[in-house]
Amino acid sequence: MTTVGVLGGTGPAGRGVAIRLASAGYDVLLGSRDEERAGVTASTLLPRGEGAIRGATNEAAADCDVIVVATPFDSAVATVKALKSALAGKVVISMVNALAREGKELVPLYPARGSMAAQLAFALPESKIVGAFHHLPASEMEDLDSDLDADVVIFSDDAAARDEVAALVDEMPGLHGVIAGSMSLASAIESFTAVCISINIRHKAHSYVKLAGLKD
Ligand SMILES: NC(=O)c1ccc[n+]([C@@H]2O[C@H](COP(=O)([O-])OP(=O)(O)OC[C@H]3O[C@@H](n4cnc5c(N)ncnc54)[C@H](OP(=O)(O)O)[C@@H]3O)[C@@H](O)[C@H]2O)c1
């Protein structure tokens, strides 16, 4: 069975992805700069299904088959650069959004190369970078009783890698993978997260993206 490592897995985003991956049967290593913190966090997550979540260092998480980057945007590049050789040849999923809080809104920041996914692709030329999970509210992801029924917008320049991630997302309870296209869409997809979160702040909600009119 494919193993999945989550870099920065102790935060809300990483925990939410980890519990739904493990509920789909995957063995997940929750990576952290502090293995003890990761172990404590992993012990609080109770997936339903055959998969398991264990705490680990980010280095150990990077040895998994598929990797999810779930650190804050301003540490994502440094985190993956330090793990470059372990990540070579692998699918690396970026859920990283570059955002800033301004009053009651979140506004998008535009990193060099236009998106965080493109920054990771530049830092990891031998990895297959796929964008996914950007628009999901972490609290709804972590709560397996939340009735989440969300579409996950996926992009990559590597068609096989984005198909692989779409299949993985489809196995996660409450999620459906929708391939949007190439890395050219990364900036728009990441920055749309600012719209999603601003709506949730304004409406005191945990809404998520669900696209109407798709055939499958
Ligand atoms: N929260 C959401 O609803 C959500 C949804 C979709 C996407 N995202 C994206 O997912 C990413 C993580 O979001 P989050 O809310 O979980 O963030 P977070 O709680 O601020 O950070 C996640 C983890 O990253 C690690 N970390 C923090 N500072 C670091 C640094 N300087 N260097 C290396 N690792 C560091 C920490 O783990 P350790 O201290 O254990 O190492 C922390 O628990 C962000 O890029 C965000 O845009 C978030």
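The structure this text deals with has already been given above.
Residues numbered from 1 in each chain as written. Predicted model: local features only at pLDDT ≥ 70, side-chain atom pairs only at ≥ 80, totals over all residues. Heavy atoms only, no water.

Caption draft 1: Focus on the overall build of the protein chain. Counting secondary structure elements, the protein chain contains nine helices and 10 strands. Since a compact globule built from 216 residues should have a radius of gyration of about 17 Å, the 16 Å found for the protein chain is in line with a globular shape. If you line up the protein chain on its principal axes, its C-alpha atoms span 40 × 40 × 35 Å. Burial status across the protein chain gives 51% buried among its 216 residues. Expressed as a percentage of contacts within the protein chain between residues at least 6 apart in sequence, the contacts between residues at least 24 apart total 74%. By element, 52% of the accessible surface of the protein chain is carried by carbon and sulfur atoms, the whole surface being about 9900 Å². Here the protein chain carries 18 positive and 27 negative side-chain charges, and the mean point of each set is 6 Å from the other. (Helix = DSSP H or I, 4+ residues; strand = E, 2+ residues; numbered from the N terminus. Rg over C-alpha atoms; globule rule 2.2 N^0.38 Å. Buried < 20%, exposed > 50% of the residue type's maximum accessible area, 1.4 Å probe, protein only. Contact = heavy atoms within 4.5 Å. Areas by Shrake-Rupley, 256 points an atom, 1.4 Å probe, with all protein chains shown as cover. Lys, Arg positive; Asp, Glu negative; His and termini not counted. Charge placed at Lys NZ, Arg CZ, Asp CG, Glu CD.)

Caption draft 2: Inspection of the site of the ligand at higher detail. Close to the ligand lie 22 residues, the nearest being T10, S32, R33, R37 and T71. The contact in question runs from an oxygen atom of the ligand to an N or O atom on the backbone of G11, over 3.2 Å. A distance of 3.2 Å is found between an oxygen atom of the ligand and a backbone nitrogen or oxygen belonging to N97. Within the complex, 73% of the 890 Å² of free accessible area of the ligand lies under protein. Among the secondary structure elements, those contributing two or more residues to the shell around the ligand are α1 (12-23) and α4 (73-81). Looking at which element gives the most residues to the shell around the ligand, the answer is α4, with three residues. Looking at the shell around the ligand, its residues break down into 11 nonpolar, nine polar and two charged. (Near = heavy atom within 4 Å. Polar contact = N/O pair within 3.5 Å; in protein donor to acceptor, adjacent residues only side chain to side chain. Nonpolar A, V, L, I, M, F, W, Y, C, P; charged D, E, K, R; others polar.)

Caption draft 3: Fine view of α4. Looking only at α4, the buried set comprises A76, T79 and V80. The buried side chains of α4 occupy one side of the element, clustering within an arc of 85° when seen end-on. For α4, exposure combined with an orientation more than 90 degrees from the buried face picks out D74, A78 and K81. Turning to α4, the residues buried within the fold contact β1 (3-7), α3 (58-61), β4 (66-69), α5 (84-87) and α6 (116-123). (Arc of directions from axis to C-beta.)

Caption draft 4: How the structure looks around unusual backbone geometry. A positive phi is found at F133, a non-glycine position, where the angle reads about 75°. By the secondary structure assignment, F133 is in the loop between β8 (128-131) and α7 (138-142). The exposure class of F133 is buried, given its relative accessible area of 2%.

These results come straight from atomic positions and should not be treated as a statement about function.
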